[in-house]
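What follows is the residue order along each chain.
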Amino acid sequence: SLENMEECLLDPNAKDDNVGPQILAARKNIQRMRRSIIPLKEQLPRLIHPDDTDLIRKENMAYLVDINDHLQLAIQLLEAAREEVSAVLDLNIANNDLKRNDIMKRLTVVSTIFIPLTFIVGVWGMNFKFMPETEWEYGYTFAWIILIVTGLLTWWYLIKRKWF
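The following refers to the structure shown.

Reading the values: rules and limits
- Residues numbered from 1 in each chain as written.
- Predicted model: local features only at pLDDT ≥ 70, side-chain atom pairs only at ≥ 80, totals over all residues.
- Heavy atoms only, no water.
- Helix = DSSP H or I, 4+ residues; strand = E, 2+ residues; numbered from the N terminus.
- Contact = heavy atoms within 4.5 Å.
- Core = buried A, V, L, I, M, F, W, Y, C linked by side-chain atoms within 4.5 Å.
- Buried < 20%, exposed > 50% of the residue type's maximum accessible area, 1.4 Å probe, protein only.
- Salt bridge = Lys/Arg side-chain N within 4 Å of Asp/Glu carboxyl O.
- Expected span 1.5 Å × (residues − 1).
- Bend = angle between axes of the 7 residues up to and from the residue.

## Overview of the side chain of Asn 68
Structurally, Asn 68 can be placed in helix 3 (residues 61-124). Setting aside residues no more than four positions away along its own chain, Asn 68 makes contact with Lys 41, Leu 44 and Ile 48.

Below you can see the structure in the form of structure tokens.
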């Protein structure tokens with residue numbers, strides 16, 4: 001039912017892999033029912049108010065009026081269900097956007113941590129003749145310390161800014 005789909009989409013711990021196809025199936029069912037009921041509703045007044053009064057007996061008119069009322073109610077219920085399906089579909093789209101935004105945020109955090117490291121490694125990877133740190137006894141250890149400190153400082157900055 002639509003209520004179950006909505007609860008599944010609102011529950012952050014629920015697995016909602018098949019909610020999208022269920023929403024589309026419900027939408028198709030509602031459209032199919034509307035296509036069946038609306039023509040009946042349009043044609044029924046011709047039976048209730050016929051030009052030829054001999055076609056339908058007067059005692060049967062009350063039944064036709066009752067059917068007309070039921071069709072009107074069915075159309076109203078279908079319209080309400082259509083609006084509810086639209087709301088659930090919008091909720092599903094919003095959930096997908098939130099998931100996508102969360103993935104983009106994680107990728108941004110990883111990029112933010114590794115961009116300064118890539119810059120440092122890129123500078124040290126250039127083929128200059130005069131780079132005294134490459135000749136030092138502890139140059140390699142010094143490079144690793146700088147890379148680790150830079151990564152940790154960037155990570156600390158992102159935590160301080162409450163990025164994750």
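From this point on, the discussion continues.
## What about the nonpolar core?
Counting 21 residues, the largest nonpolar core has Met 5, Leu 9, Val 19, Ile 23, Leu 64 and Val 85 as the members making the most contacts within it. Looking at this core, the elements with two or more residues in it are helix 1 (2-10), helix 2 (19-48) and helix 3. Per element, the largest residue contribution to this core is nine residues, and it comes from helix 3. Apart from the residues within four sequence positions on either side, Leu 64 is in contact with Leu 44, Leu 47, Ile 48 and Ile 56.

## Considerations on the pattern of salt bridges
Overall, the coordinates contain four salt bridges when judged by the stated rule. Here Glu 79 ties to Arg 34 by a salt bridge, and the two come within 2.9 Å at their closest N and O atoms. Of this pair, Glu 79 sits in helix 3 while Arg 34 sits in helix 2, and the two are 45 residues apart along the sequence. With relative accessibility at 25%, the residue Arg 34 sits in the partly exposed group. In this structure, Asp 102 and Arg 106 form a salt bridge, with 3.2 Å as the shortest nitrogen-oxygen distance. Here the residue Asp 102 and the residue Arg 106 both occupy positions in helix 3, the gap between them amounting to four residues, near one helical turn. Linked through salt bridges whose partners overlap, the residues forming this network are Arg 34, Glu 79 and Arg 82.

## Topic: helix 2
Spanning 30 residues, helix 2 covers 43 Å between terminal C-alpha atoms, matching the ideal 44 Å at 1.5 Å per step. Of all the bends in helix 2, the greatest, near 25 degrees, is centred on Glu 42, and the proline Pro 45 appears no more than four residues after it. Packing partners of the buried residues in helix 2 comprise helix 1 and helix 3.

## Focus: the environment of Gln 31
Here Gln 31 shows up in helix 2. Residue class for Gln 31 comes out partly exposed when judged on its relative accessible area of 36%. Along the chain, Gln 31 and Phe 119 lie 88 residues apart, while their C-alpha atoms are 57 Å from each other.

## Looking at helix 3
Helix length check: helix 3, at 64 residues, gives a terminal C-alpha distance of 94 Å against a target of 94 Å (1.5 Å per residue), a fit within 8%. The sharpest bend along helix 3 reaches about 30 degrees and sits at Phe 114, with the proline Pro 116 one to four residues further on.

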